[in-house]
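Residue strings, one per chain:
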Amino acid sequence: MKIKLTPAFVKDASAEPGAERTVYWDEGLQGFGLMVMASGSRSYVVQYRNSRRQSRRMTLNSVLKLEAARKEAMGILSAAAKGADPLAARRVAAAAATNTLKAIGDVYLEREGKRLRSIEQRRDHLERLVYPKLGNLQVEDVTRKKIVNLLDKIEDENGPVMADAVLATIRRLLAWHAGRSDDFRSPIVRGMARSKPHERRRQRKLDDAEIRKVWEAANQGSGPFGAMLRFILLTATRRNEAADLQRSELTGSLWLIPASRHKSKRDFLLPLSADAAAHIETIPKVGRKATGGYVFTTDGKRGIRGFSKFKKQFDADCGVTGWTIHDLRRTARSLMSRAGVDPDHAERAMGHVIPGIRGTYDVHEFQAEKLAAFESLAAQLRNILNSEKAGNS
């Protein structure tokens, strides 16, 4: 059916009675029309013949206004008249969009995330360091040379250990894709690492003077990031476990870390020391759902992020360098040992799985023992902080 398409007609058009769909072809532009479904939905269409005289019909973006759609249709018809096949080109482009490194990486994280203990670390590597440089490339175009150039940059800016951590993430992603593809082969080979295995096993912990500097800087206007660092020292938790803490996870002085956020993939009950519980009470509630919302947050909508940016400024403020947020967890564990905490109890407080048959059959939660370990940790921190005050008096 041919008709003069106008904005008013487009707004009120409906399918013919009994028809599943009706196409109203524009009198002013041959091959351009409005398709209206019986449900009331509508879209613009373009119809042409390719070089082999095959009839093709393309649907245009449904949000386009009439004149914008007519202009786009004119471009498609003009290209077809010159021998091109716009529909085939669109299909190729759509297929290519699903074969970029980012598209494949997103599918990898979605499908494998529940089985990966280090999912958040890998997501951070990809989104922060890999995608900005390589994400839009077709996976076949992610060459060894391009990966090496990326690793060079990361090594220069973040150190060889971080470069190797990112390399491990890329290696796992590309190996996963190779296992699902008939013809893709990963470009990563032996010899691309930037550090030796013993260098990648961090041993860094903060000494007493560094603990005092970090603690003081965390109390001097560093906001939720500094508050989170103090909390990690008091609870020996991992970064993302603490960063995504919500008040709804707290029952009195008990914190139930959900399995989705704990490395063991099981719910973990962590009894807070009096100092840790008191610390949470000092943190302002942010957001509309503040009573049950995130504790360490800048906007009230999610847990704090942008760790690298905050950490860089924090290092400048506290004067301590060469440490990571995870080193606070190692520091806390070392302080438990200094306090004479039973090693088994300290390991359980850390959320580590006890190996062997004891770990399999002993399902007691050791709540009292874990609390005692955290109280001993808090006492050690108080001693360290007070020793500076005593020295200055």
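These figures come from a predicted structure and were not determined experimentally.

Draft legend 1. Summary view of the overall build of the chain. Assigned secondary structure in the chain consists of 17 helices and 8 strands. For a compact globule of 393 residues, the expected C-alpha radius of gyration is about 21 Å, and the chain comes in at 30 Å, more than 25% above that figure. When the backbone C-alpha atoms are referred to their principal axes, the chain occupies close to 90 × 50 × 50 Å. With 393 residues in all, the chain has 42% of them scored as buried.

Draft legend 2. Summary view of the sheet that holds strand 7 (residues 254-257). If you walk across this open sheet you meet the 3 strands as 6-7-8, and the pairing is antiparallel. Each having just a single partner strand, strand 6 (250-251) and strand 8 (268-271) make up the two edges of the open sheet. Looking at chain direction, strand 7 and strand 8 are connected through 4 bridges and run antiparallel. Its bridge partner being in strand 8, Leu256 is matched across the sheet by Leu269.

Draft legend 3. Examining the environment of Gln313 more closely. By secondary structure assignment, the location of Gln313 is in helix 13 (residues 307-318). On a C-alpha basis, the gap between Gln313 and Thr22 in space is 62 Å, while along the polypeptide they are 291 residues apart. For Gln313, the side chain forms a polar contact with the side chain of Asp317, separated by 3.0 Å.

Draft legend 4. Spatial organisation of the pairing of strand 3 (residues 32-37). Counting buried residues in strand 3 gives 5 out of 6 residues, a clear majority hidden from the surface. Alignment of strand 2 (residues 21-26) against strand 3, held across 5 bridges, turns out to be antiparallel. Across the sheet, the residue bridging to Arg21 is Met37, located in strand 3. In this structure, the hairpin formed by strand 2 and strand 3 is closed by a connection of 5 residues, where Gly31 is found at a positive phi of approximately 95°. Connecting strand 3 to the antiparallel partner strand 4 (residues 42-49) that follows it, the hairpin turn spans 4 residues, and Gly40 within it adopts a positive phi of roughly 105°.

Draft legend 5. Representation of the environment of Thr321 in the model. With respect to the element layout, Thr321 can be found in the loop between helix 13 and helix 14 (326-338). Measuring from C-alpha to C-alpha, the distance between Thr321 and Lys213 comes to 11 Å, with 108 residues separating the pair along the chain.

Draft legend 6. Summary view of unusual backbone geometry. One non-glycine residue, Ala236, adopts positive backbone phi at about 55°. Along the chain, Ala236 turns up in the loop between helix 10 (223-235) and helix 11 (239-243). Taking the relative accessible area as the measure of exposure, Ala236 reaches 1% and is therefore buried.

Draft legend 7. Up close: a negative patch on the surface. Together, Glu140, Asp141, Asp182 and Asp183 make up a negatively charged patch on the protein surface. By the secondary structure assignment, Asp183 is in the loop between helix 7 (160-178) and helix 8 (197-200). Residue Asp183 is classed as exposed on the basis of its relative accessible area, which comes to 65%.

Draft legend 8. Summary view of the pattern of salt bridges. For the structure on display, the rule yields 17 salt bridges. Across the pair Asp152 and Arg194 runs a salt bridge whose closest N-O atoms are separated by 2.8 Å. Taken together, the residues span a long stretch of sequence, with Asp152 in helix 6 (residues 144-158) and Arg194 in the loop between helix 7 and helix 8 at a distance of 42 residues. Connected via shared salt-bridge partners are Asp26, Glu67 and Arg70.

Draft legend 9. Region of interest: the confidence of the model for the chain. For the chain, the average pLDDT comes to 88, and 92% of its residues sit at 70 or higher. In the model, residues 357-363 has pLDDT below 50 throughout and makes 4 contacts with residues more than four positions away in sequence or in other chains.

Draft legend 10. Looking closely at the packing of aromatic side chains. As enumerated under the stated definition, the model contains 8 aromatic pairs in all. Each ring, one from Phe225 and one from Phe310, has its centre 5.5 Å from the other, and the planes form 15°; the classification is stacked. Taken as a pair, Phe225 in helix 10 and Phe310 in helix 13 lie far apart in primary sequence, 85 residues in all. On the basis of relative accessibility, which here comes to 1%, the residue Phe225 falls in the buried class. Within the aromatic cluster, the residues linked to one another by ring pairs are Phe225, Phe310, Phe314 and Trp323. Here Lys309 stacks its cationic end above the ring of Phe310, 5.1 Å away from the centre of that ring.

Draft legend 11. Inspection of helix 10 at higher detail. Its 13 residues give helix 10 an end-to-end C-alpha distance of 19 Å, which sits within 8% of 18 Å, the value for a rise of 1.5 Å per residue. Burial analysis of helix 10 places 11 of its 13 residues in the buried class, which makes it a mostly covered element. Residues of helix 10 that are buried: Phe225, Gly226, Ala227, Met228, Leu229, Arg230, Phe231, Ile232, Leu233, Leu234 and Thr235. Phi turns positive one or two residues past the end of helix 10, at Ala236, with a value near 55°.

Draft legend 12. Inspection of the side chain of Arg230 at higher detail. Inspection of the secondary structure puts Arg230 in helix 10. Excluding its chain neighbours within four sequence positions, the residues that come into contact with Arg230 are Trp215, Ala218, Asn219 and His279.

Criteria and cut-off values
- Residues numbered from 1 in each chain as written.
- Predicted model: local features only at pLDDT ≥ 70, side-chain atom pairs only at ≥ 80, totals over all residues.
- Heavy atoms only, no water.
- Helix = DSSP H or I, 4+ residues; strand = E, 2+ residues; numbered from the N terminus.
- Rg over C-alpha atoms; globule rule 2.2 N^0.38 Å.
- Buried < 20%, exposed > 50% of the residue type's maximum accessible area, 1.4 Å probe, protein only.
- Pairing = 2+ DSSP bridges.
- Polar contact = N/O pair within 3.5 Å; in protein donor to acceptor, adjacent residues only side chain to side chain.
- Patch = residues over 30% accessible without salt bridge, like charges linked within 9 Å, V, L, I, M, F, W, Y side chains within 5 Å.
- Areas by Shrake-Rupley, 256 points an atom, 1.4 Å probe, with all protein chains shown as cover.
- Salt bridge = Lys/Arg side-chain N within 4 Å of Asp/Glu carboxyl O.
- Lys, Arg positive; Asp, Glu negative; His and termini not counted.
- Charge placed at Lys NZ, Arg CZ, Asp CG, Glu CD.
- pLDDT = per-residue confidence, 0-100.
- Contact = heavy atoms within 4.5 Å.
- Phe/Tyr/Trp six-rings, centres within 6.5 Å; stacked < 30°, edge-to-face > 60°.
- Lys NZ or Arg CZ within 6 Å of the ring centre and 35° of its normal.
- Expected span 1.5 Å × (residues − 1).

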